[in-house]
Amino acid sequence: MYWEKEVETMDRSKLEAAQLVALQDTLIKAEKSYYYGKTFQEKGIGVSSVKSLLDITKFPFTTKDDLREHWPYGFTAVPKDELVRMHSSSGTTGRATVVFHTAKDIAVWTNLLARCLYMAGMRKGDIFQNMMTYGLFTGGLGFHYGAEKIGALVIPAGAGNSKRQIQLMRDFTTTAVHVIPSYALHLSTVFDELKLDPRKDTSVKIAFLGAEPHTEKMRKKIEEIYGYKAFNSYGLSEMNGPGVAFECPYQEGMHIWEDSFLVEIIDSKTLQPVPDGEEGELVMTSLQKEGMPLIRYRTKDLTRIIPEPCACGRTHRRIERIKGRSDDMLILKGVNIFPMQIEKKLMDIPGVGTNFLIILTREGYNDDMTVKVEVGKQYFSGDLKQLEKLKKKIIEELKGEILITPKVELVEPDSIPKGEGKAVRVIDNRKE
Ligand code: ADP
Ligand code: ZN
C-alpha cells in the first residue's frame, strides 16, 4: 500500500532531521539565484542562520509578485544548461509565472506523483486517461510521468473534446482519470446527451480531482454521478505542480509530502504563524528543488494542518481541503464571502445542477450579487411554480450562509459557459 514505505512512514523526529539537512542544502542552492543572492546579502542571512527548522522564520516570504518582477530567469539557481523543462502557472490571478526544472527535479517530481497515485490505489495494469491540458500547465505532464512510473497505461487525452473523451474511456476501458472537478460535472452532461450512463457504460474506478477548489459536496456529487472514488489532488506550479498534497484512502485531508516541502501556516494579515490546527495561508519552502528553489513561498491558499496522525500510518501531516485563495474573497456590503461557501450551500439543494456563477454589479453606491445557478431541465417545462419555489429556497439558503440576500437567476443545464481550464466562479463588474 506504500510506494516508498520508509519515507512515507518515517518517524517524525527522523523526518524533521532530514528536513533540516534538506533546508540547509536548499538555502545554499537558492543563494546562487539572482533573487535570493541579493536578498540574503541585503538581510545578512544565509545557511548559517539556520540551526533548527524554526529558523526559517528569519527569512522573508517570497510572493507571486516577486516571481513576476524577476521574470524570466531571476530565480533560477543553476546554470541555464542544467535546466531541462519549463512550466508556467495557469495565470488564474494575473500574469502567469514560470518555473524551471533540472533533470533531477523532474525525477523527484515524478516520484512524488507516483507516490500519490499509488497511495490512492492506482497500479500497473490500470488504464489512466489524463484529461488535463498538456503543455505549460503542470497538470498534464506531471501526472503523465507519475502514472508511467507506476507502470499504468497512459492515455494522454488532454483537456476538452468531451465526446472524444467519452469514446476513449469506453473503447479502451479506462480505469482511472485525472480531471478538473468542474469539467467532470460538465462531462456528465455530455454523457446525458449521448444517452449513456457513466456508472454503467464506463469502467472508471478512480478519479483524481485537482487544480481548483471544490467542496466535499461537489466531490460527493461527482462520485455519485460516475460511481467512482474521487481523490483530492493539490499542487501548484511553483512547487512543481500536482503531487504536493494528496488524499490517502481514508480521505480525511491530504498528506503533504514533508520530505519535499517545509510547511507553515500563517495569518495572511499579520503574517505570523497560527497555532497548529488553525486555519490560515499555506506557506511552503521547497526542500528538494535545485533548478528553482523557493523559500517561504506564499501560496495564498487557505487551509489548516490536521495535527492528528492518520490511520493509514503515513507520518507526513495532512492539510484540509483548500477553502479557496485569500484573493478569491469577495467583499460585498462589508461582508466577506468565499465562492466555496456558495458552492457548499448550492450542492446541498436537490434540483441544483452542476454549475454556478457569481456576478457582482454596482449601481451608484449600491453593490449587488447575482448568483446564476444551473438547475434540472424538468423545471423549465410545464408548471413554472416549481421553479419559483426552488428559487426561493436557494435565496433563503444562501442568505443563511452569507447573511445578505443575493439575487438568484435559475438557468438551464449547461448554459453557463465552460472553458477547458479552471472554472470561473466570479465575474466582478464593479470595477469602473
Ligand atoms: P494559478 O495559480 O495561476 O492557478 P497553478 O496552475 O499553479 O496556477 O495552480 C495552482 C493553484 O490551483 C493552487 O495554488 C490552488 O489555488 C489551486 N488548486 C490546485 N489544486 C487544488 C485543489 N485540489 N483544491 C483547491 N485548489 C487547488
Ligand atoms: Zn492517511
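Residues numbered from 1 in each chain as written. Chains lettered and ligands numbered in written order. Predicted model: local features only at pLDDT ≥ 70, side-chain atom pairs only at ≥ 80, totals over all residues. Heavy atoms only, no water.

So, the site of ligand 1
Here is the rule: Here a residue is near a molecule or strand as soon as one of its heavy atoms is found within 4 Å of it. Polar contact criterion, stated in full: a pair of N or O atoms within 3.5 Å, where within protein one must be able to donate a hydrogen and the other to accept it, and residues adjacent in sequence count only if both atoms are side-chain atoms. The accessible surface values rely on the Shrake-Rupley method and a 1.4 Å probe; as for residues, cover is taken only from the protein chains in view. We count a stretch as a helix when DSSP gives it H or I for four or more residues in a row; a strand needs E for two or more, and each element gets its number in order from the N terminus. The nonpolar class holds Ala, Val, Leu, Ile, Met, Phe, Trp, Tyr, Cys and Pro. Asp, Glu, Lys and Arg form the charged class, and all remaining residues, Gly among them, are polar.
Near ligand 1, the surroundings consist of 19 residues, among which S90, G91, T92, S233 and D301 are the closest. At a separation of 3.1 Å, an oxygen atom of ligand 1 approaches a polar side-chain atom of K64. Surface burial for ligand 1 is 98%, taken as the share of its 560 Å² of free accessible area covered by protein chains. Here the element with the most residues in the shell around ligand 1 is strand β7 (residues 229-236); it accounts for five residues. The residue inventory of the shell around ligand 1, partitioned by class, reads six nonpolar, eight polar and five charged.

Side note on the sheet that holds strand β13 (residues 305-306)
By definition, the strands of a sheet pair up through backbone hydrogen bonds, in either a parallel or an antiparallel sense. For clarity, the threshold we go by: Only strands that DSSP links by at least two bridges are regarded as paired with each other. Residue contacts follow a heavy-atom distance rule, with two residues in contact if any of their heavy atoms lie within 4.5 Å. The angle between two axes is taken between their N-to-C directions and runs from 0 to 180 degrees, where each axis is a line fitted to C-alpha atoms and a helix contributes only its stretch in contact.
The strand order across the open sheet built from nine strands is β4-β3-β5-β6-β7-β8-β9-β14-β13, with neighbouring strands paired in mixed fashion. Edge positions in the sheet fall to β4 (153-155) and β13, since each has one partner strand and no second. By the bridge criterion, three bridges tie β7 to strand β8 (residues 241-247) in an arrangement that is antiparallel. Across the sheet, residue Y234 finds its bridge partner in β8, namely A245. Sheet strands in contact with helix α10 (residues 216-226) are β6 (206-210), β7 and β8, and its direction is about 135° off that of β7.

Section: the packing of helix α8 (residues 181-193) against α10
What counts, and what does not: Angles below 35 degrees are treated as roughly parallel, those above 145 as roughly antiparallel, those between 65 and 115 as roughly perpendicular, and all remaining angles as oblique. In this scheme the crossing of two helices becomes right-handed for a clockwise turn of the near helix relative to the far one and left-handed for an anticlockwise turn of less than a right angle.
Relative orientation of the contacting elements α8 and α10 amounts to 30°, with a least axis distance of 10 Å. Judged by the angle between their axes, α8 and α10 are roughly parallel. Here the hand of the crossing between α8 and α10 comes out left-handed. Along its contact with α8, which presents P181, A184, L185, L187, S188 and F191, the element α10 presents M218, K221, I222, I225 and Y226. Of the residues that constitute the contact of α8 with α10, the class distribution is nine nonpolar, one polar and one charged.

Some remarks on the sheet that holds strand β10 (residues 261-266)
The strand order β10-β11-β12-β15 describes an open sheet built from four strands, whose pairing is antiparallel. Each edge of the open sheet is held by one strand with a lone partner, namely β10 and β15 (324-325). Relative to strand β11 (residues 280-286), β10 runs antiparallel, the two sharing six bridges. For L262, the partnering residue across the bridge sits in β11 and is T285.

Some remarks on the domain arrangement of the protein
As a reminder, the rule being used: The start and end points of each domain follow an automatic or database-based domain assignment. Summed over both partners, buried area is the accessible surface (1.4 Å probe) that two parts give up on being assembled. We define a salt bridge as a contact between a side-chain nitrogen of Lys or Arg and a carboxyl oxygen of Asp or Glu at a distance within 4 Å.
Once the domains are mapped, the protein shows domain 1 (1-327) and domain 2 (332-428). Each of domain 1 and domain 2 has a C-alpha centre, and these two points are 30 Å apart. Each partner contributes residues to the interface: domain 1 has 23 residues there, and domain 2 has 16 residues. The contact between domain 1 and domain 2 buries some 1,900 Å² in all, and 60% of this surface belongs to carbon and sulfur atoms. Inspection of the region where domain 1 meets domain 2 yields one salt bridge. Ionic pairing is found between D348 and K217, a salt bridge with its closest N-O pair at 3.1 Å. Scanning the region where domain 1 abuts domain 2 turns up eight residue pairs in polar contact (both at pLDDT 80 or more). Only α8 and α10 provide two or more residues apiece to the side of domain 1 that touches domain 2. When residues in the side of domain 1 that touches domain 2 are grouped by element, the largest group, six residues, is from α8.

Some remarks on the pattern of salt bridges
Rule in force here: Residue burial is assigned from relative accessible area. The probe radius is 1.4 Å, only protein chains are included, and a residue is buried under 20% of its type maximum, exposed over 50%, and partly exposed in between.
Throughout the structure, instances matching the rule amount to 32 salt bridges. Among the ionic pairs, R219 bridges to E247, the shortest N-O distance being 2.8 Å. One end of the pair, R219, is in helix α10; the other, E247, is in strand β8, with 28 residues separating them in the sequence. R219 sits in the buried class, given a relative accessible area of 2%. Judged by relative accessible area, which is 3%, E247 ranks as buried. The partner of E397 in a salt bridge is K345, with the nearest N and O atoms 3.8 Å apart. Remark: K345 occurs in helix α11 (residues 339-346) and E397 occurs in helix α12 (residues 385-402); sequence separation between them is 52 residues. E397 gets classed as partly exposed once you look at its relative accessible area, which sits at 27%. Taken together, the shared-partner salt bridges in this structure form one network comprising R12, E16, E258, D276 and R317.

Some remarks on the coordination of the zinc ion (ligand 2)
Filter applied, for reference: Note on donors: an N, O or S atom is included if it sits within 2.8 Å of the metal, or within 3.2 Å for Na, K and Ca, and water is never included, so sites can look incomplete. Labels for metal geometry use angle windows, namely 85 to 135 degrees for all angles of a four-donor tetrahedral site, and for square planar (four donors) or octahedral (six donors) sites opposite donors over 155 degrees apart plus all others within 65 to 115; sites meeting none of these are irregular.
For the zinc ion (ligand 2), the protein coordination sphere consists of C248 (SG), H255 (NE2), C310 (SG) and C312 (SG), at 2.1 to 2.3 Å. Around the zinc ion (ligand 2) sit four donor atoms; with metal-centred angles ranging over 99 to 117°, the donor geometry is tetrahedral. Binding-site remark: the zinc ion (ligand 2) is held by donors from one chain whose sequence spacing is C-x6-H-x54-C-x1-C.

Regarding the nonpolar core
Which entries qualify depends on this criterion: Nonpolar core, defined: a set of buried Ala, Val, Leu, Ile, Met, Phe, Trp, Tyr and Cys residues in which side-chain atoms within 4.5 Å join the residues together.
Core analysis: the biggest nonpolar cluster contains 67 residues, and F128, F208, Y234, F246, M284 and I319 have the highest contact counts within it. Broken down by element, the residue count for this core peaks at nine residues, all from helix α5 (residues 103-119). Residues in contact with M284, not counting those within four places in the same chain, are Y234, L236, M239, V244, I256, F261, L262, L294, I295, R296, Y297 and T299. Ranked by size, the runner-up nonpolar core spans 24 residues in total, among them A184, V204, A230 and M347.

Quick look at the packing of α11 against α12
Where α11 contacts α12, the two axes come as close as 10 Å, and the packing angle between them is 140°. It follows from the interaxial angle that α11 and α12 lie oblique. Crossing hand, α11 versus α12: right-handed. Taken together, the residues of α12 that come into contact with α11 (itself represented by Q341, I342, K344, K345 and L346) are I394, E397, L398, E401 and I402.

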